Amino acid sequence: MSDTANHVTIVMVEDDEGHARLIEKNIRRAGVSNEIKAFTNGTSALDFLLGADRTGANRKGEALLILLDLNLPDMTGIDILKAVKSSPHIRTSPIVVLTTTDDQREIERCYELGASVYVVKPVNYENFANAIRQLGLFFSVIKVPEAK
């Protein structure tokens with residue numbers, strides 16, 4: 001990643017361990033060496049992202065890029081998307097929705113709520129790996145704002 005992007009923390013919210021390993025492996029293959037914080041449920045992800053007071057002030061000065069699965073065991077990714085985008089501190093953090101859902105209404109809803117990118121996870125392993133590698137290349141060039 002470019003110099004200004006080296007400090008970006010990738011926050012991955014993915015409950016499927018196999019998908020999480022595949023995502024991390026292929027992001028690394030794309031040459032992205034940023035720290036990846038992995039969460040398997042929405043509660044722990046929101047605890048990290050928003051802190052105890054649920055404002056996101058705890059992330060002040062950090063640059064976050066969020067990878068978000070919509071289908072989580074304790075809440076939907078939509079709930080997390082809404083919570084992040086309503087935070088005065090981290091709402092500018094890009095959110096990449098990574099999900100198996102290709103329902104057009106769901107896609108539109110995510111964009112309306114502030115998702116930056118919506119990626120449908122291909123069912124085929126090799127296609128999934130390629131999609132994540134391309135996403136990794138995308139991460140290496142995008143600019144991510146710091147939390148306020």
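Attention here is on the structure that accompanies the text. (Residues numbered from 1 in each chain as written. Predicted model: local features only at pLDDT ≥ 70, side-chain atom pairs only at ≥ 80, totals over all residues. Heavy atoms only, no water.)

**Side note on the environment of T92**
For clarity, the threshold we go by: For helices the rule is a DSSP run of H or I covering at least 4 residues; for strands it is a run of E covering at least 2, with both sets numbered from the N terminus onward. Exposure classes here rest on a 1.4 Å probe applied to the protein chains alone. A residue is buried below 20% of its type maximum, exposed above 50%, and partly exposed in between. Should any heavy atoms of two residues lie within 4.5 Å, those residues are considered in contact.
Checked against the element boundaries, T92 lands in the loop between α3 (77–85) and β4 (95–99). You can call T92 partly exposed: its relative accessible area is 35%. The spatial distance from the C-alpha of T92 to the C-alpha of S116 is 9.8 Å, given a sequence separation of 24 residues. When neighbours within four sequence positions are excluded, T92 is seen to be in contact with K85, P145, E146 and K148.

**So, helix α1 (residues 17–29)**
Filter applied, for reference: To estimate how far a helix should reach, multiply one less than its number of residues by 1.5 Å. Pairing of N or O atoms within 3.5 Å defines a polar contact, subject to two protein rules: one partner must be a possible hydrogen donor and the other a possible acceptor, and residues neighboring in sequence count only if both atoms are side-chain atoms.
End to end, α1 covers 18 Å across 13 residues, agreeing with the expected 18 Å (1.5 Å per residue, within 8%). Buried residues belonging to α1 abut β1 (8–13), β2 (36–39), β3 (63–68), β4 and α5 (125–139). Where α1 begins, the side chain of D16 points an oxygen toward the backbone nitrogen of G18, at a separation of 2.9 Å. In the stretch just after α1, G31 is the one whose phi turns positive, near 90°.

**Let's talk about the side chain of T9**
Turning to its location among the elements, T9 is positioned in strand β1. Look past the residues within four positions of T9 in its chain and what remains in contact with it is E35, K37, A63, L64 and L65.

**Structural notes on the pairing of β4**
Going by this rule: Here a strand pair is declared whenever DSSP counts at least two bridges between the two strands. Whether a crossover is right-handed comes down to one check: with the strands pointing away from the viewer, does the path from the first strand over the helix to the second run clockwise; if it does, it is right-handed.
Counting buried residues in β4 gives 5 out of 5 residues, a clear majority hidden from the surface. Of the pairings in the sheet, the one linking β3 to β4 comprises 3 bridges and is parallel in character. Bridge pairing in β4 links I66 to I95. Since β3 and β4 lie parallel, the crossover through α3 that links them has a hand, and here it is right-handed. Taken together, the 4 bridges between β4 and strand β5 (residues 117–120) define a ladder with parallel strand orientation. Within β5, the residue paired with T99 across the bridge is V120. In this region the chain leaves β4, passes through helix α4 (residues 104–112) and returns to the parallel neighbour β5; the handedness of that crossover is right-handed.

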